[in-house]
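Observations on chain architecture
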Amino acid sequence: MENKSVVTIILALTLAFCMAFYVTNAADPSKLQSFCVGINDPNSAVFVNGKFCKNPKDVTINDFLYKGFNIPSNTSSNIQGAKATLVDESLFPGLNTLGVSMARIDFAPYGLNTPHLHPLASEIFAVMEGTMYAGIVDTDNTLYDTVLNKGDMIVYPQGLVHFQLNIGENDALAIASFGGQNPQRINIPNSLFGTTPSILGDVLTKAYQVDSRVIEKLQAQFPSHENGVETGRSILRLIQQNSHSY
């Protein structure tokens, strides 16, 4: 009888757990409507789902179209010789809530798509023209690198640092597809040396174990420092400001 009681208790607890799990997961994880064309005017919008959605009665075929993806970007406007054109929900409102976006990346000869990461989406990168050196760095600082030729594809997991370098003498082209409508992008060099205001030199010199003049030279390469803005930030000044706040 005692064993039966134990079994009954175990079954009851298991059933209770299953019921609790079912209740907490009863919501439909899928989209609750067929589409949600983004619109900036909330007064003309209905069915809020992330962004304001255009009234379905006002949606036309043009909301599901984007034209101009075939137009090359001007790589000369980027000192690195590469230019990415991201088509996300801001340029293509029909993508809103669909969880996808694409980018066209044009490379000049030996152009570099600088080390960066996408915090909100994974990426599939396909080489359409040219030959590229590409790499991924994981959270253990292990580098996975390879050479990509026309027709090759590589996947970049969400949040991992990656890059591409055109190693050919001709222009190159790649198409990237993202598993998110707004993958966002964090450029590693800019996030360290191109911030506004600047990261304290004390932090960067200690992190990289170099002289402050090296850090100043690196910071001078970025647009936020081209205007010669002197923030006057230092450890001593921050300590003084903090002491005055009490």
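Definitions and limits used
Residues numbered from 1 in each chain as written. Predicted model: local features only at pLDDT ≥ 70, side-chain atom pairs only at ≥ 80, totals over all residues. Heavy atoms only, no water. UniProt positions renumbered as here; feature names shortened; annotations may be inferred. Helix = DSSP H or I, 4+ residues; strand = E, 2+ residues; numbered from the N terminus. Buried < 20%, exposed > 50% of the residue type's maximum accessible area, 1.4 Å probe, protein only. Contact = heavy atoms within 4.5 Å. Areas by Shrake-Rupley, 256 points an atom, 1.4 Å probe, with all protein chains shown as cover. Core = buried A, V, L, I, M, F, W, Y, C linked by side-chain atoms within 4.5 Å. Salt bridge = Lys/Arg side-chain N within 4 Å of Asp/Glu carboxyl O. Pairing = 2+ DSSP bridges. Axes fitted to C-alpha atoms, helices over the stretch in contact; angles between N-to-C directions. Polar contact = N/O pair within 3.5 Å; in protein donor to acceptor, adjacent residues only side chain to side chain.

An unreviewed UniProt entry lists the protein chain under the name Germin-like protein, with Saponaria officinalis given as the organism. Turning to the protein chain, the UniProt record has this under Subcellular location (unreviewed entry): "Secreted, Extracellular space, Apoplast". For the record of the protein chain, the UniProt heading Sequence similarities (unreviewed entry) holds the text "Belongs to the germin family."

1. A short note on the overall build of the protein chain
The secondary structure content of the protein chain amounts to five helices and 12 strands. For the protein chain, the proportion of its 246 residues judged to be buried stands at 28%. Intrachain contacts of the protein chain at a sequence separation of at least 6 include 67% that bridge at least 24 residues. Per element, the accessible surface of the protein chain, about 16,100 Å² overall, is 59% carbon and sulfur.

2. Regarding the nonpolar core
Membership of the largest hydrophobic core comes to 18 residues, with the highest contact counts inside it found for F107, F125, M132 and I154. Going through the elements one at a time, strand 4 (101–107), strand 6 (123–129), strand 7 (132–137), strand 9 (153–156) and strand 11 (172–178) are the ones with two or more residues in this core. Of all the elements, strand 11 adds the most residues to this core, at four residues. In contact with F125, not counting residues within four places along its chain, are I105, F107, M132, L148, D152, M153, I154, Y156, Q164, A174, I175 and A176.

3. Things to note about the pattern of salt bridges
Using the criterion set out here, one finds four salt bridges in the structure. K54 is paired through a salt bridge with D63; the nearest N and O atoms lie 3.2 Å apart. Assessed through its relative accessible area of 13%, D63 is described here as buried. A salt bridge links K150 to E129; the shortest N-O distance between them is 3.2 Å. With K150 in the loop between strand 8 (143–148) and strand 9 and E129 in strand 6, this residue pair connects regions lying 21 residues apart in the sequence.

4. What to know about the sheet that holds strand 6
Here five strands make up an open sheet; going across it, the order is 3-4-11-6-9 and the pairing antiparallel. Both outer strands of the open sheet, strand 3 (82–87) and strand 9, are each paired with one neighbouring strand and no more. Taken over all neighbouring pairs, the strand axes of this sheet differ in orientation by 20° on average, direction set aside.

5. Side note on the sheet that holds strand 10 (residues 161–166)
Read across the open sheet, the five strands follow the order 8-7-10-5-12; overall the sheet is antiparallel. For this open sheet the edge positions go to strand 8 and strand 12 (186–187), each flanked by a neighbour on one side alone.

6. Some thoughts on unusual backbone geometry
The peptide bond linking T196 to P197 adopts the cis configuration, its omega dihedral lying at -5°. Tracing the backbone shows P197 in the loop between helix 2 (188–193) and helix 3 (201–208). Phi at T97 takes a positive value of approximately 75°, unusual for a residue other than glycine. Residue position: T97 is located in the loop between strand 3 and strand 4. For T97, a relative accessible area of 19% gives the class buried. Phi at N141 is positive, roughly 65°, even though this residue is not glycine. Mapped onto the elements, N141 comes out in the loop between strand 7 and strand 8.

7. As for the environment of S73
Of note, S73 is situated in the loop between strand 2 (51–54) and strand 3. For the pair formed by S73 and D106, sequence separation is 33 residues and the distance between their alpha carbons is 6.1 Å. Here S73 is in contact with K83, T85, R104 and D106, once residues within four sequence places are set aside. For S73, the side chain forms a polar contact with the side chain of T85, separated by 2.6 Å.

8. Considerations on the side chain of H162
Structurally, H162 can be placed in strand 10. On the basis of relative accessibility, which here comes to 1%, the residue H162 falls in the buried class. Within the structure, the side chain of H162 is placed 2.9 Å from the backbone oxygen of L160, a separation counted as a polar contact. Apart from the residues lying within four places of it in its own chain, the contact partners of H162 are T114, P115, H116, L117, H118, E123, G135, I136 and Y156.

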